[in-house]
Amino acid sequence: MQLRDPRSVKRVAVIGAGTIGASWAAHFLGQGMQVQAWDPAAGGEQRARDFIDNAWNAVERFGCVRGSSPDGLSWHDSVESALQGVEFVQESAPEKREVKRELYQRIDDALPDGVIMSSSTSGLIMSELQAGRAAAARFVVGHPFNPPHLIPLVEVLGGRDTAPEAVEWTLAFYNAFGKKAIRLNKEVRGHLVNRLQAALWREAFDAVNTGLASVDDVDAAIAYGPGLRWGVMGPFRLCALAGGPGGMRNFLEHFGPALEEWWSDMRDVSLTPEVRADLSDKAQAAFGERGIAAIAQERDTLLLDMMEALAKARRDNGYL
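Criteria and cut-off values
Residues numbered from 1 in each chain as written. Predicted model: local features only at pLDDT ≥ 70, side-chain atom pairs only at ≥ 80, totals over all residues. Heavy atoms only, no water. Buried < 20%, exposed > 50% of the residue type's maximum accessible area, 1.4 Å probe, protein only. Helix = DSSP H or I, 4+ residues; strand = E, 2+ residues; numbered from the N terminus. Pairing = 2+ DSSP bridges. Right-handed = clockwise from strand over helix to strand, strands pointing away. Salt bridge = Lys/Arg side-chain N within 4 Å of Asp/Glu carboxyl O. Axes fitted to C-alpha atoms, helices over the stretch in contact; angles between N-to-C directions. Left-handed = near helix turned anticlockwise from the far one by under 90°. Contact = heavy atoms within 4.5 Å. Nonpolar A, V, L, I, M, F, W, Y, C, P; charged D, E, K, R; others polar. Core = buried A, V, L, I, M, F, W, Y, C linked by side-chain atoms within 4.5 Å. Expected span 1.5 Å × (residues − 1). Bend = angle between axes of the 7 residues up to and from the residue.

Draft legend 1. Region of the structure containing the pairing of strand S2 (residues 34–38). Summarising burial for S2: 4 of the 5 residues are buried, a large majority. Across 5 bridges, strand S1 (residues 11–15) lies against S2 in parallel orientation. Among the inter-strand pairings, Arg 11 is bridged to a residue of S2, identified as Gln 34. Regarding the hand of the β-α-β motif, the stretch spanning S1, helix H1 (residues 19–30) and S2 is right-handed. Taken together, the 3 bridges between S2 and strand S3 (residues 73–75) define a ladder with parallel strand orientation. Along S3, the bridge assignment pairs Ala 37 with Trp 75. With respect to chirality, the unit in which S2 leads through helix H2 (residues 44–62) into the neighbouring parallel S3 is right-handed.

As structure tokens, then:
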């Protein structure tokens, strides 16, 4: 398989330009690339351009290539047109297997030679999506975290028919252009991080549903507690620290029995229509008059400050 130097990519396609796709476009534009976008939704171009314009201050603040501009976005009226002449493809279509399967046929027919197509799917199985496609060896998963123009993490893995060198190339590409890409070694629904999040969400929903704590207090419990540590390092290192000088072995010996007891007490959470309505009502009551846009603005403002501080501390102390 002939693949270009991943650091040389200058022109990318964004296929599907909703919230995730438009955020990807903002990231790639900030990296000095030309972005060719397509989305079938009516009014999609204006929404995407508005998103990028609103995100641009954050893109510039977080660091972008000199001379980069939202003007590097071009809008196309077909998948085939958007793929012409590109060197990488980021697909961010709706999270529906049949929608992606149909779209992948069109991508397959028009994908330039030697170009990787990376899917933003948050939990679908690439082996099922790529099956039967001529370019299946160049189809990978590159799952970002919302919003991709701010959050560095990308999960990368291949399907059954993906060539190993395509996975290696995709990891190198993301890491060369401002991302922190991690490799997953096998396919599972939800990949890795969404499964970790889902475990927390299960307990958060159960806590509110059973009256253990309010929406506000559950949110505060994470934001002002373990969430601060999780922004610095992951669970294995934090567990080892909790074990003191004995590290991970001591942690497991001392806390293992308690963990097993807590796990055995955790319930399956069934999101029935009644539970969904109750959780939604309680969340809305906690949010008050603040809309989703205001909450998103708070998230992005705090994220930028925190990420800048962490990046500086890591650079200054050699923790890269």
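Back to the text.
Draft legend 2. Geometry of the pattern of salt bridges. All told, the structure shown has 16 salt bridges when counted by the stated rule. A salt bridge links Arg 61 to Asp 305, with the shortest nitrogen-to-oxygen separation between them at 2.1 Å. Of this pair, Arg 61 sits in helix H2 while Asp 305 sits in helix H13 (residues 292–317), placing them 244 residues apart in sequence. Given a relative accessible area of 38%, Arg 61 falls into the partly exposed group. Its salt-bridge partner being Glu 308, residue Arg 61 comes within 3.1 Å of it at the nearest N-O pair. Of the two residues, Arg 61 sits in helix H2 while Glu 308 sits in helix H13, which places them 247 residues apart along the sequence.

Draft legend 3. Seen up close, the packing of helix H7 (residues 193–209) against helix H8 (residues 215–223). At a closest axis distance of 9 Å, the pairing of H7 and H8 adopts a crossing angle of 145 degrees. Of the two possible hands of crossing, H7 and H8 adopt the one that is right-handed. Residues Leu 200, Ala 204, Ala 207 and Val 208 of H7 form the contact with H8, whose own contacting residues are Val 215, Val 218 and Ile 222. A class-by-class count of the residues in the contact of H7 with H8 yields 7 nonpolar, no polar and no charged.

Draft legend 4. Molecular detail of the nonpolar core. The biggest cluster of nonpolar side chains holds 30 residues, and the ones touching the most others in it are Phe 28, Val 35, Phe 88, Phe 173 and Tyr 174. Among the elements of the structure, S1, H1, S2, H2, strand S7 (153–158) and helix H6 (164–176) are those that each provide at least two residues to this core. In terms of residues, this core owes the most to one element, H6, which gives 6 residues. Ignoring sequence-local partners within four residues, the contact set of Phe 88 consists of Val 9, Arg 11, Val 12, Ala 13, Phe 28, Val 115, Ile 116, Ser 118, Trp 169, Phe 173 and Tyr 174. If you look at the next biggest cluster of nonpolar residues, it comprises 23 residues, including Ala 13, Ala 82, Val 86 and Leu 129.

Draft legend 5. Geometry of H2. With 19 residues, H2 extends 26 Å between its outermost C-alpha atoms, agreeing within 8% with the 27 Å of an ideal straight helix rising 1.5 Å per residue. Its maximal kink placed at Ala 55, H2 deviates by approximately 45 degrees. Gly 44, Ala 48, Ile 52, Ala 55, Trp 56, Ala 58 and Val 59 are the residues of H2 that are buried. If you follow the buried residues of H2, they end up packed against H1, S3 and H13. Phi turns positive, to about 120 degrees, at Gly 63, one or two residues after H2.

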